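# Inside the fold
Listed here are the chains, written in short residue letters.
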Amino acid sequence: MSSRRPAPARTVVHLLLLLVASVIVVDALVGDRGLLAILRARHEYDELSASVTRQRTENARLRETARRLREDPSAIEEIARRELGLIKPGERVFIVKDLPPPQKP
């Protein structure tokens, strides 16, 4: 019985093939177009899509506010009363202050 060992050249070829396969697998995972890069890009895409949706909603709200201010005089009056504290001629302003609760003896 002779036990045949693979030739050293054959072993070297197997090791080289294993090394090349390992490099290909690592590159597929972490390379420029690897799995991790794809996952990062997908996450960034989702964040940007959500941001665009928020911005579109805000744009619609601002357009509606601008339309109301152009077309509805009561909207301007509401803002003038709320933010500037303006009143109409003949109106009286009453300032009601909270009193502290009566203290028990």
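Here, every reference points to the structure presented above.
Right, let's walk through the structure included here. (Residues numbered from 1 in each chain as written. Predicted model: local features only at pLDDT ≥ 70, side-chain atom pairs only at ≥ 80, totals over all residues. Heavy atoms only, no water.)

Moving on, we get to the pattern of salt bridges. Inspection of every chain in the model, using the stated rule, returns nine salt bridges. The residue E64 makes a salt bridge to R67 at a minimum N-O spacing of 2.6 Å. Taken together, the residues E64 and R67, both in helix α2 (residues 35-71) and three residues apart, mark about one turn of the helix. E77 is the salt-bridge partner of R81, the closest N and O atoms lying 3.0 Å from each other. Residue R81 and its partner E77 are located together in helix α3 (residues 73-84), separated by four residues, close to a single helical turn. A network of salt bridges, in which partner residues are shared, links R68, E78, R82 and E83. (Salt bridge = Lys/Arg side-chain N within 4 Å of Asp/Glu carboxyl O. Helix = DSSP H or I, 4+ residues; strand = E, 2+ residues; numbered from the N terminus.)

Before going further, it helps to examine a nonpolar patch on the surface. The grouping of V25, V26, L29, V30, L35, L36 and L39 at the surface amounts to a nonpolar patch, some 600 Å² of accessible area in total. Of all elements in the fold, only α1 (8-30) and α2 reach the threshold of two or more residues within the nonpolar patch. By residue number, the principal contributor to the nonpolar patch is α1, which donates four residues. Within the secondary structure, V26 is located in helix α1. (Patch = residues over 30% accessible without salt bridge, like charges linked within 9 Å, V, L, I, M, F, W, Y side chains within 5 Å. Areas by Shrake-Rupley, 256 points an atom, 1.4 Å probe, with all protein chains shown as cover.)

This part is about the packing of α2 against α3. It is at 5 Å that the axes of α2 and α3 come closest, and there the two elements cross at 105°. In terms of their interaxial angle, α2 and α3 are classed as roughly perpendicular. On α3, the residues that touch R68, L69 and E71 of α2 are P73, A75, I76, E78 and I79. Taken together, the residues that form the contact of α2 with α3 break down as five nonpolar, no polar and three charged. (Axes fitted to C-alpha atoms, helices over the stretch in contact; angles between N-to-C directions. Parallel < 35°, antiparallel > 145°, perpendicular 65-115°, else oblique. Contact = heavy atoms within 4.5 Å. Nonpolar A, V, L, I, M, F, W, Y, C, P; charged D, E, K, R; others polar.)

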